[in-house]
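# Inside the fold
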Amino acid sequence: MEIITWIADNFFGTPAILLGFIVLLGLLLQKKNLSQVVSGTFKAIIGFLIINAGAAVITGSLGIFEPMWKEVFGLETAPLSGFLGQEKFNLEFGSAVTLAMTLGFLVNVLLARFTPFKYIYLTGHMMFWTTTIFAGITVQAAGGDVSFWPLVIFLAVIMGLYWTFQPTLVQPFLRKITGNDNVALGHTSASVAILSALLGKVFGNKKNDAEHIKLPKKLEFLRDSNVITALTMGILFLIGAIILMVKQTPGAEKLIAQAGNQSFIVYSIVQSFTFAAGIAVVLVGVRMFIGEIVPAFNGIATKLVPGAKPALDAPIVYPYAANSVIIGFLGAFVGAIIWLVVLGNTVGYVFVPTMIVLFFHGAVAGVFGNSTGGVRGALIGGFLTATVVAWGQYLMVTFFINTTVPDTAMWAADSDMFILGPIISMLAKLIF
């Protein structure tokens, strides 16, 4: 019995080790040499641990951004607190997430093998974050009292179905954009992609194709999500800091005092770069462990499902409509600023404009919106993205995930997660 407990605590209870084992197994099954096996396994473990470090940095910056803007809007609600947070959640439920992600992928492979839906989802970082967010929703819906294997099985089934049918639903629209059926979109922007194509057809003008206009080279920096994140958060931190310094309320003075001897303006700007740096750190970790686990998955999938189509990350659609990518993001950016003000002055929630989400999802929505509605369709797609992300974040953080990983939902939760979140919560309440 002690041996079983030791294995549970040190193997299944240690997400980084479990993840490393899964990669090790995948590489051994593909008969990789010793160097590849050791390198892949170690890099997967290190990458996962880097994610935890980056998550802590992001949470620290959010702990300043949120109370700052609550003071700007004059909100009396307490700062976000009393939740597990990504780091603690990983320690407690990370093994279940990792195992569910693996089993969910196998469900996806089996469905592709034995049904007409021949799509293998290979966007690894989306697999991880979607499983994490859905796990957070499930744990909260179950009141925090959920056993390991029931949680794993529930998530594995949900994820396997999602990773199979998400590319399936998008493919008819994507086929018109690419002109072929070689690849599919495997990304959590699927919902806004479909909605943008539909709305673009109704409200747009297909004859005014965004790809027929020329955009200035000065806007090329908009393609770098790290720069956009730092720039946007820098502007918002700066505006917030100036308003607090003018207001001079007791709450404002308390926040300003956190800067110590440093100028509050400089302190706030540094926080914006810290936020962007935290996301960059997380992405380094994600790329490192995904760079090892996806080839392991891919090797297994191609052997089991000959002729399957890979469902890949959002950038696969960008080359088909480069102007629409920028226009879609601009629509999302403007929408995010509008909803930041609206939410703060109505429901009393400080929306964190997640530029990485808004960039990638707004870009996809722009491409799909342009395909049916031209420039207007691309802008509508971008604004729609901001609307889904802003209100989805508010609902998720306030009602569906506030005791588990609301910090993660503020920057890593995506369109599909917000739309499917309430459904997952309802199913979890019925089952657990």
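Our subject is the structure listed above.
What counts, and at which threshold
Each chain has its residues counted from 1, following the order in which its sequence is written. Note on the predicted model: pLDDT of at least 70 is required for a residue's local features to be given, and 80 or more for side-chain atom pairs to be given and counted; whole-chain, interface and lining totals, by contrast, use all residues. To get the side-chain values, all heavy atoms of the structure are used, and hydrogens and water are removed first. Helix and strand definitions follow DSSP, with helices as H or I runs of at least four residues and strands as E runs of at least two, each counted in order from the N terminus. Here the radius of gyration uses the C-alpha set of atoms, whereas the globule reference equals 2.2 Å times the residue count to the power 0.38. Partly exposed describes any residue whose relative accessible area lies between the buried limit of under 20% and the exposed limit of over 50%, with all areas from a 1.4 Å probe on protein chains only and scaled to the type maximum. Here a residue-residue contact requires only that any non-hydrogen atoms of the pair lie within 4.5 Å. Positive charges are assigned to Lys and Arg, negative charges to Asp and Glu, while His and the chain termini are left out of the count. One atom stands in for each charge, and that atom is NZ of Lys, CZ of Arg, CG of Asp or CD of Glu. Patches in this entry comprise residues that are over 30% relatively accessible and not in a salt bridge; like charges within 9 Å are linked, as are nonpolar side chains (Val, Leu, Ile, Met, Phe, Trp, Tyr) within 5 Å. Each accessible area value is a Shrake-Rupley result obtained with a 1.4 Å probe; residue values ignore everything except the protein chains displayed when judging cover. Basic side-chain nitrogens of Lys or Arg form a salt bridge, by our definition, when they fall within 4 Å of a carboxyl oxygen of Asp or Glu. DSSP-based pairing: two strands are paired if at least 2 bridges between them are found. Whenever two N or O atoms come within 3.5 Å, that pair is a polar contact, provided that in protein one can donate a hydrogen and the other can accept it, and provided that, for residues adjacent in sequence, both atoms are side-chain atoms.

## As for the overall build of the chain
In terms of regular secondary structure, the chain is built from 14 helices and three strands. In terms of C-alpha radius of gyration, the chain reaches 22 Å, essentially the compact-globule figure of 22 Å for 432 residues. The dimensions of the chain, computed from C-alpha atoms along their principal axes, are 65 × 65 × 45 Å. A buried classification covers 53% of the 432 residues belonging to the chain. Intrachain contacts of the chain at a sequence separation of at least 6 include 84% that bridge at least 24 residues. The distance from the centre of the 23 positive side-chain charges to the centre of the 19 negative ones in the chain is 15 Å.

## Considering a nonpolar patch on the surface
On the surface, a nonpolar cluster with roughly 580 Å² of combined accessible area is contributed by Leu103, Leu106, Trp149, Ile153, Val157, Leu161 and Phe165. Taken together, the elements giving at least two residues each to the nonpolar patch come down to α4 (85-114) and α6 (148-178). Of the residues forming the nonpolar patch, the biggest block, five residues, is contributed by α6. Within the fold, Val157 resides in helix α6.

## Quick word on the pattern of salt bridges
Considering all chains together, one arrives at two salt bridges under this definition. When the shortest N-O distance is used, the salt bridge between Arg175 and Asp181 registers 3.3 Å. Each of Arg175, Asp181 and Lys309 takes part in a single network of salt bridges with overlapping partners.

## What about the pairing of strand β3 (residues 309-312)?
Two elements, strand β1 (residues 119-121) and β3, share three bridges in a ladder whose sense is parallel. Each residue of the ladder has a partner; that of Tyr121, found in β3, is Ala311. In terms of strand pairing, strand β2 (residues 184-185) meets β3 through two bridges, oriented parallel. When the sheet's bridge partners are listed, Ala184 is paired in β3 with Ala311.

## A word on the environment of Thr123
Residue position: Thr123 is located in the loop between β1 and α5 (124-141). Sequence-wise, Thr123 and Val139 are 16 residues apart; in three dimensions their C-alpha atoms are separated by 24 Å. If sequence neighbours within four positions are ignored, Thr123 has contacts with Gly186, Ala311, Leu312 and Asp313. Only 2.5 Å separates the side chain of Thr123 from the backbone oxygen of Gly186, close enough to count as a polar contact.

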